[in-house]
Amino acid sequence: MTSLPSLPTPKKLGLVIDLDVCVGCHACVISCKEWNTGGYGAALSDQDPYGADVSGTFLNRIHSFEVLPEGAEKIGETGDARIVHFPKSCLHCEDAPCVTVCPTGASYKRSDDGIVLVDEDMCIGCGLCAWACPYGAREMDLAAGVMKKCTLCVDRIYNETIAEIDRVPSCVRTCPANARHYGDLADPQSHVSKMVAARDGFDLMPEQGTKPVNKYLPPRARTALAESAIPLAENSAGASGFFAWLDGMLERI
Amino acid sequence: MHPALSIIVFTTLSGMGYGLAALLGLGLFDPAALATKIGYVLALALIAGGLVSSTLHLGNPQRAWRALSQWRTSWLSREGVLAILAFIPLTICAYAAIFHDRHLILPGLAAAGLGLVTVYCTAMIYGSLKTVQLWSQRLTPVTYLLFALASGATLGTLLAVSGAAQPWLIAFLAVSFTVAAWLAKRRWRNDGKALAPLSTPETATGLGSIGRVRLFERPHINDNYLTREMGFQVARKHADKLFGIAILLGGLIPAALVVVAALAAGAMGPGLTAFLAAFLAVLSHYAGVFVERWLFFAEARHAVMNYYGR
């Protein structure tokens, strides 16, 4: 049913992504594709996989952005530019526009934990949900003709046949830098909610009115490289002992 | 947005069909005339052809019937339901006209009303998308309705000069709807271009507090589904030229030809000159609306492109 749950879901399972920590290694992209191509629903196909024009279905993609300080037209003009690696997958929005536009009822938001899923047996592959999503979280699988999206690894997080440590989304389990965190964002005491509160976690495109569950943590303020650099061999005031004696002797020559 | 041929053909053909159905349903044509009977067949064929075309872009068209279930929230579903509902009174009217030379008032009004509501639903599929700012303007459904009526009335003029109705009345409607459609469209395009972007790379990444955000590296080297579907770009200078061509083909030329056809029919009665002028008006009008609809998609920018630097 493509009506959204009438009440706020008791749990809001989602991700918190730390933009200060992500190194842009794309390990989560590969791990996501690996798990989900053999997991929930149709495989994530590739087109022309060994050719020049390779493309394929991914549920998680990493963009890298360059952020120039305000007023700068080119790098280095007013302070340092920063590179921010930016992982992006479905945000499991509370007010998910992709769900309500679905004509068949294939797209739905679970009323217990808030995960947004596609019932692939009902999907006609019209693509309207991908148009409705401002985040590009949905991609049509060209081989299966159905819409694919992040399932928050629904087949891992409740899976009692795997070790408890693995019952988190594949991307979270894989991230070597610990930039991705999974938990219940409806519970203010959960580690993810505390992290969001402590670091001023934010929503992507709040103006679109989607109320995303996933939050992003901003990059921390950074000391400019020029300020922390020590000018080398400019003076020898700190020298002591043998080096002070050597310094004095060399001065005299 | 990618201008998919199947969707352009669907919205333009079914729009023409529903526009003609509205005029037929209002009883503006003589049900005893052969041209009116052909008109009913044409309207049904255009609508059905458009609907079939619309299923061509589906990944799994065999499940298309499922799209009738979610009318409570989805404009696409509403469109499907209403398209089928509109068929019923229109088919009844067609039957009465073709086999009994009669116009049925109530089914006729129902066919006209349901057809136009279907066009409204089609427009709202686009009009309800907040992600595409150009489309989410209030004038979007107005332009769709006016273009449907303008194409329908232009096609109706062809029937009228073939003896189905008073040519002047239908020609007057065709010119009025065509002028209104292009005025609304021009306003829609100018307003849409003047809108400040709702979402920017800064809001999309949340990094606006640090500075100006620019894409440094895409997720993958090649295009993906998102960039192919939503990253279509058309050069502004070409878009402006194409818009001019669309006004010429879909507005000025057919309006002039419709007047010529009505004049010729008035002076000489139904004849080859009037028929040819009206026929060319229909072809030109369709070509113009086709270009207009291509631009409707090609010029629209989707919010997700803030992540792709387009």
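Summarised in this report is the structure supplied together with it.

Calculation notes
Residues numbered from 1 in each chain as written. Chains lettered and ligands numbered in written order. Predicted model: local features only at pLDDT ≥ 70, side-chain atom pairs only at ≥ 80, totals over all residues. Heavy atoms only, no water. Pairing = 2+ DSSP bridges. Helix = DSSP H or I, 4+ residues; strand = E, 2+ residues; numbered from the N terminus. Axes fitted to C-alpha atoms, helices over the stretch in contact; angles between N-to-C directions. Contact = heavy atoms within 4.5 Å. Buried area = accessible area lost by both parts, 1.4 Å probe. Salt bridge = Lys/Arg side-chain N within 4 Å of Asp/Glu carboxyl O. Polar contact = N/O pair within 3.5 Å; in protein donor to acceptor, adjacent residues only side chain to side chain. Nonpolar A, V, L, I, M, F, W, Y, C, P; charged D, E, K, R; others polar.

**Observations concerning the sheet that holds strand β1 (residues 212-217) of chain B**
The antiparallel open sheet is built from 3 strands, whose spatial order is β5(A)-β4(A)-β1(B). One side of each edge strand has no neighbouring strand; the edge strands of this open sheet are β5 (82-89) of chain A together with β1 of chain B. If you compare each strand with its neighbour and ignore which way they point, the axes differ by 40° on average. One ladder, built from 8 bridges, connects strand β4 (residues 60-68) of chain A with β5 of chain A; its direction is antiparallel. From the neighbouring strand, His63 of chain A faces β5 of chain A, where its bridge partner is Phe86 of chain A.

**Things to note about the interface of chain A and chain B**
Counting residues at the interface gives 65 residues for chain A, matched by 58 residues for chain B. Here chain A packs against chain B, burying approximately 5,000 Å² in sum over the two surfaces, 58% of which is carbon and sulfur. Area buried by chain A at its contact with chain B is led by Phe65, Ile124 and Trp131 of chain A, which between them contribute 16% of it. The interface formed by chain A and chain B contains 1 salt bridge. Of the charged contacts in the structure, one is a salt bridge between Arg214 of chain B and Glu66 of chain A, with a shortest N-O distance of 2.7 Å. Inspection of the chain A/chain B interface yields 30 residue pairs in polar contact (both at pLDDT 80 or more). Counting residues per element, the side of chain A that touches chain B draws most heavily on β4 of chain A, at 8 residues. Across the side of chain A that touches chain B, the residue classes break down as 38 nonpolar, 15 polar and 12 charged. Relative to β1 of chain B, β4 of chain A is paired through 5 bridges, and the arrangement is antiparallel. Bridging across to β1 of chain B, Leu68 of chain A finds its partner in Arg212 of chain B.

**So, the sheet that holds strand β10 (residues 180-184) of chain A**
Paired through their backbone hydrogen bonds, the strands of a sheet run either parallel or antiparallel. Residues and elements named next belong to chain A. Read from one edge of the open sheet, 3 strands run β10-β1-β11, paired in mixed fashion. At either end of the open sheet lies a strand with only one pairing partner, and these are β10 and β11 (215-217). Sheet twist, expressed as the average angle between the axes of neighbouring strands with direction ignored, equals 25°. Looking at chain direction, strand β1 (residues 13-18) and β10 are connected through 5 bridges and run antiparallel. Its bridge partner being in β10, Val16 is matched across the sheet by His181.

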